[in-house]
Amino acid sequence: MVAIVRENKEMALVACDEPPGTNRRPEVAQSATPRAAVWADVPDGDWNSWRWQLSHRLNSLEELSTIIHLTPDEITGIAAKDRFRLDITPYFASLIDPDDPNCPIRRQVIPTARELDGFDSMMADSLAEDAHSPVPGLVHRYPDRVLMLVTTQCASYCRYCTRARIVGDPGAQFARTDYDHQIDYIASHPEIRDVLLSGGDPLVLPQKLLEHILQRLRAIEHLEIIRIGSRVPVFMPQRIDESLVNMLRQFHPLWMNIHFNHAKEITPEVSRALAMLADAGIPLGAQTVLLAGINDCPNVMKDLVHKLVKNRVRPYYLYQCDLVEGAGHFRTPISKGIEIMEALRGHTSGYAIPTYVVDAPGGGGKIPVGPQYLISQTPGKAVLRNYEGFITTYTEPDTYTKHDPTTCPSCQKHASAERGQQGVAGLLQGNAMTIEPAGFHETHLRGRPEDGDVIGVNAIGFVHKHAEHH
Ligand SMILES: *Cc1c(COP(=O)(O)O)cnc(C)c1O
């Protein structure tokens, strides 16, 4: 509580019952998430223990039917052989509306028969992560950063899991030697300045093991930042305790991205966990998957991003649902994501707006998509529209002294970086004239033997060494 007190004609802010700086903190003690009736008699000490939550996860038809009224569709999904692993913490299960089959919490974790349906372009590894792994569990897709998979286990399992091919199998765990190989690879590649721990969920690893991995990563001099991707703060906020947070804060700069899909996931327990992480100086981001029937609505998304920002979590990515087995019924048209972005930009705080991306099937990485704001252009003038439909012109400068890369220290420093991955930025810098599809050159030779005079082909035709007119 804050009271404004007049004292010696000066205004002073006085926090009545709490130390300064804590008075705006989301409160948890007074209002905890109501538990489902079956757990009413569980002692608080057990309920608030992450170990108890992990060891009492629900995974059978019998257990689930004690907390929700299962539909025939759900019963088929749960009973199906070879379905993706099912496990839900009692805490997260308590957020499910037992009577609403469309409950957004329920749809994320309870299988349905539709999970068994195939669809066009369905793939086991739609992001081609395995093809981009120099060593098991390490994905080196971008020039300067790697994804390091450290476990196959999670606190609960999302039905649309993009890594269902490796996640959830209790028999398929990473071994010490896998970590050794991953860390050796990072240590021997000085271009890697950012490592992203994922899985599975890194925060279900034994704390000592996670600490050991973080220590070894921090010992690599060229590694600038470490990130953790997790859903533990949502599935099992009890895991975020003093001991974990004090361990993590030793490894700054350490960032964390947390997977959130719906405002209902942000309970008082989760707010407390987020406050602890943020207070430990860990910048928090949110990753959200656009899911049919769960958050495919601009207003549902607005509620989520507003609640995230209130909890000091910056919406980072909104993902188009991957072309992954089991997730077909969660997919939306891409236009749904664009509609959501249109409803956010300008309408609400920039801090609350994620980047909408399609993670390219086949391993192209994240491709940002969104509404168009640049309407037209002529030399010297650009026509732009804003979120209200107001159309304006920006007059470009008549004279512009071009940047000189030969005298720019940053250009010198980065000149030889991103070998083979400069892409379109490389075309702009004049490092190449074209980017060609596989077999382009051969196709355009049309069976003709290689001509020594020809140095290449482009979209227009053959490029000859000597003259333009042949
Ligand atoms: C998402 C991702 C990253 C990180 O990408 P950012 O845009 O830097 O957050 C790195 N590696 C892989 C394989 C990824 O999928």
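The rules behind these values
Residues numbered from 1 in each chain as written. Predicted model: local features only at pLDDT ≥ 70, side-chain atom pairs only at ≥ 80, totals over all residues. Heavy atoms only, no water. Axes fitted to C-alpha atoms, helices over the stretch in contact; angles between N-to-C directions. Helix = DSSP H or I, 4+ residues; strand = E, 2+ residues; numbered from the N terminus. Parallel < 35°, antiparallel > 145°, perpendicular 65-115°, else oblique. Left-handed = near helix turned anticlockwise from the far one by under 90°. Contact = heavy atoms within 4.5 Å. Buried < 20%, exposed > 50% of the residue type's maximum accessible area, 1.4 Å probe, protein only. Salt bridge = Lys/Arg side-chain N within 4 Å of Asp/Glu carboxyl O.

Engineer: Residue-level account of the packing of helix H12 (residues 298-310) against helix H13 (residues 334-344), with values.
Structural biologist: Between H12 and H13, the least distance of the axes is 9 Å, while the angle of their chain directions is 55 degrees. With respect to their mutual orientation, H12 and H13 come out oblique. Considering the relative orientation of H12 and H13, their crossing is right-handed. Residues Pro298, Met301, Lys302 and Val305 of H12 lie in contact with H13, whose contacting residues are Glu339, Ile340, Ala343 and Leu344.

Engineer: Kindly report on the environment of Leu214, identifying the contributing residues and their values.
Structural biologist: Tracing the sequence through the fold places Leu214 in helix H8 (residues 207-218). Overall, the relative accessible area of 0% leaves Leu214 in the buried class. Taking the C-alpha atoms as reference points, Leu214 and Met247, separated by 33 residues in sequence, lie 9.6 Å from one another. When residues no more than four places from it in sequence are discounted, the contact partners of Leu214 are Leu197, Ile226, Met247, Leu248, Phe251 and Leu254.

Engineer: Quick one: what's the story with the pattern of salt bridges, residue by residue and with numbers?
Structural biologist: Following the criterion strictly, the structure yields 20 salt bridges and no others. Close ionic contact of Arg106 with Glu74 constitutes a salt bridge, the shortest N to O distance being 2.7 Å. Separated by 32 residues along the polypeptide, Arg106 in helix H6 (residues 104-109) and Glu74 in helix H4 (residues 72-79) bring together distant segments of the chain. Residues Arg106 and Glu74 agree in their burial class; the two are buried. Taking the shortest distance from any N to any O, the salt bridge between Arg107 and Glu74 comes out at 3.2 Å.

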